[in-house]
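What follows is the residue order along each chain.
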Amino acid sequence: MPPDSVAARRDRIVARLRRIRVWLLLIVGGVAVALLPWTAYLSATLPSKHLTQHWDIAWAGLDLFEAVSLVLLFVAIARRSPLVPMFAAVAGTALLCDAWFDLTTSGRGFYWSLAEALGAELPLATLCFWLAFEVSAAIGLSAAAGAASAAGPRPTSPRDQPAAGREPAHRAGSEAPSVGRTSR
């Protein structure tokens, strides 16, 4: 894709996001505020114990989601993809969810779940979030540098070298004092 079309596409996306920003703020903020009383209600009304069907499928599904997110992150890193921050954030979130549900549903295996969370899931989630932030920052700095370098015209010849077939410009009186003199 030519650089001009990439810049034009980026500008269209930014303009569209600016237009819907207020709606995004209202929706995300509204849901966040509505979740607070809903969480209090659930905490007060749900039983502390519950027998459920498909427990094995739920856990296998969560672990499969975790594995797929880590595989996608691996592939994105290997390919140096700009999607690394997204896959890293998804993998880190899946790991946090796994640690949370392991701990809160463990029963007699609480200490094993705690050891697994502290020794594996939480450190790996931290690594994923660190990677997401670092790569996002690098992509942002790279884009800013690209935008800054694209602001001016590109040079047609290397600096301090005249273009082929041209002599450097001289002004009268600009020669060094020793021009034309010989050393003894």
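Placed above this text is the structure.
Below: a short report on this structure. Quick caveat, the model's predicted, so the values are computed rather than measured.

A short note on the packing of aromatic side chains
Alright, step 1. Summed over the entire model, instances satisfying the criterion amount to three aromatic pairs.
Alright, step 2. Aromatic side chains Phe110 and Tyr111 sit 5.5 Å apart centroid to centroid with 75° between the ring planes, which places their arrangement in the edge-to-face category.
Alright, step 3. Judged by its relative accessible area of 32%, Phe110 is partly exposed.
Alright, step 4. When its relative accessible area of 64% is taken as the criterion, Tyr111 is described as exposed.

Quick look at the nonpolar core
Alright, step 1. Listed in full, the 11 residues of the largest apolar core are Leu73, Ala76, Val84, Phe87, Ala88, Ala91, Leu95, Ala125, Cys128, Leu131 and Ala132.
Alright, step 2. When contributions to this core are tallied by element, the ones reaching two or more residues are α2 (55–78), α3 (84–104) and α4 (110–151).
Alright, step 3. No other element matches the five residues that α3 contributes to this core.
Alright, step 4. Each residue touching Leu95, except ones within four places of it in the same chain, is listed here: Glu66, Leu70, Glu121, Leu124, Ala125 and Cys128.

Considerations on unusual backbone geometry
Peptide bonds are mostly trans, and most non-glycine residues show a negative phi.
Alright, step 1. Here His54, not a glycine, exhibits a phi torsion of approximately 65°, which is positive.
Alright, step 2. Relative to the elements of secondary structure, His54 occurs in the loop between α1 (3–45) and α2.
Alright, step 3. At Arg80, a position not held by glycine, the phi torsion is positive, near 55°.
Alright, step 4. Here Arg80 lies in the loop between α2 and α3.
Alright, step 5. On the basis of relative accessible area, Arg80 is assigned to the exposed category, the value being 76%.

Calculation rules
Residues numbered from 1 in each chain as written. Predicted model: local features only at pLDDT ≥ 70, side-chain atom pairs only at ≥ 80, totals over all residues. Heavy atoms only, no water. Phe/Tyr/Trp six-rings, centres within 6.5 Å; stacked < 30°, edge-to-face > 60°. Buried < 20%, exposed > 50% of the residue type's maximum accessible area, 1.4 Å probe, protein only. Core = buried A, V, L, I, M, F, W, Y, C linked by side-chain atoms within 4.5 Å. Helix = DSSP H or I, 4+ residues; strand = E, 2+ residues; numbered from the N terminus. Contact = heavy atoms within 4.5 Å.

So far we have only geometry, and geometry alone does not tell us how the molecule works.
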